[in-house]
Amino acid sequence: MAERTLTPTQMHLLKTFSFDGRDEYAREVQEVLTRHFQAKLDAEVNRLWEEGTLSDEKLDEIAKEDLHAK
């Protein structure tokens, strides 16, 4: 099995959150990160929509594609 190295981001998160090992705290951190990345995704989708790259028609095309085949 190949050895894996943690990324700088992973190391930073491990150091930052190592002081509290409760499951409740882990869930809270997960929720915060999920909200953060959902907001980034929403902003990108809005940008694509506003510039015309994304539309109802494009979403219909994507829905019909077999994305696993590519």
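All values derive from a computational prediction rather than experimental measurement.

Participant: Tell me what's going on with the overall build of the protein, and back it up with residues and numbers.
Facilitator: Helix and strand counts for the protein come out as three helices and zero strands. Reading the protein from its N end, one meets helices and strands in the order α-α-α. Projected onto the principal axes, the alpha-carbon positions of the protein cover approximately 50 × 35 × 20 Å. Sorting the 70 residues of the protein into buried and exposed places 6% on the buried side. As presented, the protein carries roughly 6,700 Å² of accessible surface, and 56% of it is formed by carbon and sulfur atoms. Of the side-chain charges in the protein, 10 are positive and 16 negative, and the distance between the mean point of each set is 6 Å.

Participant: Before we move on, could you go through the pattern of salt bridges and cite the residues and values that matter?
Facilitator: Applying the stated rule across the entire model yields three salt bridges. Ionic pairing is found between Arg47 and Glu51, a salt bridge with its closest N-O pair at 2.9 Å. One end of the pair is Arg47 and the other is Glu51, both in helix α2 (residues 23–51) and four residues apart, which spans about a single turn. Look at Arg47 and you get partly exposed, because its relative accessible area is 39%. For Glu51, a relative accessible area of 47% corresponds to the partly exposed category. For Lys58, the salt bridge goes to Glu61, with nearest N and O atoms at 3.8 Å.

Participant: Lay out α2 in plain terms, naming residues and giving numbers.
Facilitator: Taking 1.5 Å per residue, 29 residues should reach 42 Å; α2 reaches 42 Å between its end C-alpha atoms and fits that length. Note on α2: the residue one or two positions beyond its end, Gly52, has a positive phi of about 90°.

Parameters at a glance
Residues numbered from 1 in each chain as written. Predicted model: local features only at pLDDT ≥ 70, side-chain atom pairs only at ≥ 80, totals over all residues. Heavy atoms only, no water. Helix = DSSP H or I, 4+ residues; strand = E, 2+ residues; numbered from the N terminus. Buried < 20%, exposed > 50% of the residue type's maximum accessible area, 1.4 Å probe, protein only. Areas by Shrake-Rupley, 256 points an atom, 1.4 Å probe, with all protein chains shown as cover. Lys, Arg positive; Asp, Glu negative; His and termini not counted. Charge placed at Lys NZ, Arg CZ, Asp CG, Glu CD. Salt bridge = Lys/Arg side-chain N within 4 Å of Asp/Glu carboxyl O. Expected span 1.5 Å × (residues − 1).

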